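# Fold and geometry: a report
Each chain, letter by letter, is given below.
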Amino acid sequence: MFKISTKLIFAMIALSPAIAFAQAGNVGVNTVNPGSTMDINGSLAANYKAVTTATYNLVLSDFHVSYNGSSDAVFGLPPSVSGVGNFKGRIYRIKNNTNFKITVNAVAPETINGNASISVPANQSVELVSTGLTGTNSTWELLSTGTSSTGDYIIVKPNAAQSVSTGSDVTFGSVVASNNITYSAGVFNLKAGKTYVLRCQLHATDFSLAGGFFVYEWVDASNNSVLPSSTTGVVDAINNYPATSIGGQPEAYAIYRPTIDTSVKVRLGGAGTAQLNPTIGFMTVTELAGGNGNGGTTIINNNITASNGLSLSGTDVKLGGTLSQATDIATAGNNLSINGTGKVLVGTNTVPAGAASAKVVIDNGTANGALQIKDGTQQLGYVLTSDANGLATWSSTVTTAFADNWTSYTGTLVNPFTGNSGGDNLPTGISVNIPAKGWYFFRSGITITSTCNDYWFYIPGIGEVWKTYCGTASPDPINFVPRDQTRVLYFAAPGVYPIFAHKTNLVVPSGFNVGNPTFYLDFVKFQN
């Protein structure tokens, strides 16, 4: 063994005619006047790796990684490094050479352009660069995406004779070549938003009927409806019955652009039976290169996908899916409207019992503080109170403006005590209109002159509003006291509540609503 001095190596590089160092610190390869930090006048090679495993983590030595596996794959990006070892500017290229999908994941909580992961569809590629950031920042940036220059296609031919009759599907069994179109037992699976050319030619022998024939067309495999643009091909007997020679015909042809992923096939109609030739005939599906049907605009990337609240119909990407990632909705000062019969569910995706008519549901589990509303009127101990139009503000539970906010009874008072017997439910002709549930303060007064008896006014199911008892055994008529009284009553619901009266025995007062002031009854709400 022998050692080569480091100084000798640098001396050899310095003397090499292929490498030049400029005074500004630039390095040139095959150029004596490098104009950049590294100026290479020639080709550049970086590491190329092909993998087939469904799970792969990118490492320091990777640059271009091609996936050639047989299933969907997951690639993992390396975690960012803070300080020494930070690899800001590192580039990875990932190429998907399959008909499957690659999911590229950043290490949580890092992101790729703000997303936890990106997808690389079949026959596409991506290029990523490290931003040098760490943590929850966008640590990776998507430089570009690309697609295979070859469009989708498939060619299928017969591999055996097929007995057919009206309603038969063509089930050629030999796939000659394909790219990104799947096929099974006569059914081709097409992608939404792509434009395809569909062709089929059939040849047949052994017709059961003299002059027998079959027509065939491209149809939707889900319901056998003929594609709108399909022409009709014909297979007929060209010999006498039974025809043993090959029958020839025009082909079934269609140009088709599905708006959703769709399966298609070729279906026959006609009379009698026949044998499709085992070696002659074909079915092909080819993606049409060029525009999307709107003025010749070129489709650069046909493999459009939608996620996180977006849905895809053809080339129309719109809101309407499921939000699967943390998402901020910024409306720049505009109103955010949710229309229809839908609900807004917060903290749950299940409508709880009793909330069938609710439009907003908040489920904070067992934690306090599920709702916070701040409008400047909030204070400790305040409650959210609605006005007559449903507009709510924070307010004290007690109404302080008693003197300015009283409401009087409605109707015309009549004397309920004129009967010669006692009892309940004596009509008074008056009622109170309660605007909302809550606690109410009542005040009332009336002068009644009578011999011994008991009199009162009350609201059924709520309570009495005025009551007086016989306080003396004297038969002489007296003015019953107390004249002026107050009550606190609770109403569970708004509404009009009639007031009734009661007297204990058959005594009829000699004076009713006499004196000054006359009868009064009013009320005010003071607590919810």
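What you see is a predicted model; the values in this text were computed from it and never measured.

## Considerations on the overall build of the protein chain
The secondary structure content of the protein chain amounts to one helix and 42 strands. For the protein chain, restricting intrachain contacts to residue pairs at least 6 apart in sequence, the fraction spanning at least 24 positions comes to 63%. For the protein chain, the computed accessible surface area is about 29,800 Å², with 55% contributed by carbon and sulfur atoms.

## Points about a nonpolar patch on the surface
Taken together, the side chains of V346, V360, I362, L371, I373 and L384 define a hydrophobic patch exposed on the protein surface, amounting to about 510 Å² of accessible area. For L371, the position within the fold is in the loop between β28 (360-362) and β29 (383-386).

## Overview of the pairing of strand β42 (residues 520-527)
Where strand β31 (residues 407-408) lies against β42, two bridges are found, and the strand directions are antiparallel. Each residue of the ladder has a partner; that of T407, found in β42, is F523. As paired strands, strand β34 (residues 438-445) and β42 are joined by seven bridges and run antiparallel to one another. Pairing of W439 across the sheet is with Q527, part of β42.

## Topic: the packing of aromatic side chains
Applying the stated criterion to the full structure yields 22 aromatic pairs. Between F417 and F512, the ring centres sit 5.9 Å apart and the planes meet at 75 degrees, which makes this aromatic pair edge-to-face. Residue F417 is located in the loop between β32 (410-411) and β33 (423-434), and its partner F512 is located in strand β41 (residues 511-512); the two are separated by 95 residues in the primary sequence. Exposure remark for F512: the relative accessible area of 17% places this residue in the buried category. With a centroid separation of 6.1 Å and 70 degrees between ring planes, the pair formed by Y440 and F523 is classed as edge-to-face. With Y440 in strand β34 and F523 in strand β42, this residue pair connects regions lying 83 residues apart in the sequence. A residue is classified by how much of its surface remains accessible, and Y440, at 2% relative accessible area, is buried.

## So, the sheet that holds β42
Ordered in space as β31-β42-β34-β39, the four strands form an open sheet in which the pairing is antiparallel. Across the chains shown, the open sheet's two edge strands, defined by having one partner strand only, are β31 and β39 (484-491).

## Quick notes on the sheet that holds strand β5 (residues 55-57)
Spatial strand order, β5-β7-β9-β11: four strands in an open sheet with mixed pairing. Each having just a single partner strand, β5 and β11 (117-120) make up the two edges of the open sheet. Across this sheet, the average inter-strand angle for adjacent strands is 20 degrees, counted without regard to direction. By the bridge criterion, four bridges tie strand β9 (residues 102-105) to β11 in an arrangement that is antiparallel. The residue bridging T103 from the neighbouring strand is S119, located in β11.

## Focus: the state of the cysteines
Tallied over the full model, the rule gives one disulfide. Across a sulfur-sulfur distance of 1.7 Å, C452 and C470 are joined as a disulfide pair. Because the torsion about its S-S bond is -125 degrees, the bridge between C452 and C470 counts as left-handed. Pair noted here: C452 is in the loop between β35 (448-450) and β36 (455-459) and C470 is in the loop between β37 (463-468) and β38 (478-479), with a separation of 18 residues, a long-range link.

## Some thoughts on the confidence of the model for the protein chain
Put simply, the protein chain has an average pLDDT of 81, and 79% of its residues get 70 or more. A low-confidence stretch, residues 239-243 stays under pLDDT 50, and its non-local contacts, those more than four residues away or across chains, total 10 contacts. Throughout residues 290-303 the model reports pLDDT below 50, and contacts reaching past four residues in sequence, or to other chains, amount to 22 contacts.

## What about the nonpolar core?
Judged by nonpolar contacts, the single largest core of 30 residues is most densely connected at F188, L198, L202, W218, M283 and V285. Counting only elements with at least two residues in this core, the list comes to β14 (153-157), β18 (187-190), β19 (196-205), β20 (213-220), β22 (252-256), β23 (262-270) and β24 (273-287). Among the elements that line this core, the one with the most residues is β19, at five residues. Apart from the residues lying within four places of it in its own chain, the contact partners of L198 are W218, L227, A252, Y253, A254, Y256, V264, T284 and V285. V432, I448, F457 and A501 belong to the second-largest nonpolar core, a separate cluster that totals 26 residues.

## A closer look at the pattern of salt bridges
Tallying each qualifying case throughout the model produces 10 salt bridges. In this structure, D62 and K49 form a salt bridge, with 2.9 Å as the shortest nitrogen-oxygen distance. Placement of D62 in the loop between β5 and β6 (64-67) and of K49 in strand β4 (residues 48-51) is noted, with a sequence separation of 13 residues between them. On the basis of relative accessibility, which here comes to 4%, the residue D62 falls in the buried class.

## Notes on the pairing of β33
For β32 and β33, the ladder comprises two bridges, and the chain directions are antiparallel. Residue pairing for β33: T410 is matched across the bridge by S431. With seven bridges joining them, β33 and strand β40 (residues 495-503) adopt antiparallel strand pairing. Residue pairing for β40: I434 is matched across the bridge by G495.

## Comments concerning the side chain of S450
One can find S450 in strand β35. Engagement of the side chain of S450 in a polar contact is seen with the side chain of Y455, the distance being 2.7 Å. The residues contacting S450, other than those within four sequence positions of it, are Y455, D476, P477, I478, F480, V507, P509 and S510.

## Focus on unusual backbone geometry
A108 connects to P109 through a cis peptide bond whose omega is 5 degrees. In this model, V481 is joined to P482 through a cis peptide bond whose omega is 0 degrees. Relative to the helices and strands, P482 resides in the loop between β38 and β39. We note that N425 has phi near 60 degrees; this positive angle belongs to a residue other than glycine.

Cut-offs applied
Residues numbered from 1 in each chain as written. Predicted model: local features only at pLDDT ≥ 70, side-chain atom pairs only at ≥ 80, totals over all residues. Heavy atoms only, no water. Helix = DSSP H or I, 4+ residues; strand = E, 2+ residues; numbered from the N terminus. Contact = heavy atoms within 4.5 Å. Areas by Shrake-Rupley, 256 points an atom, 1.4 Å probe, with all protein chains shown as cover. Patch = residues over 30% accessible without salt bridge, like charges linked within 9 Å, V, L, I, M, F, W, Y side chains within 5 Å. Salt bridge = Lys/Arg side-chain N within 4 Å of Asp/Glu carboxyl O. Pairing = 2+ DSSP bridges. Phe/Tyr/Trp six-rings, centres within 6.5 Å; stacked < 30°, edge-to-face > 60°. Buried < 20%, exposed > 50% of the residue type's maximum accessible area, 1.4 Å probe, protein only. Axes fitted to C-alpha atoms, helices over the stretch in contact; angles between N-to-C directions. Disulfide = S-S within 2.5 Å. pLDDT = per-residue confidence, 0-100. Core = buried A, V, L, I, M, F, W, Y, C linked by side-chain atoms within 4.5 Å. Polar contact = N/O pair within 3.5 Å; in protein donor to acceptor, adjacent residues only side chain to side chain.

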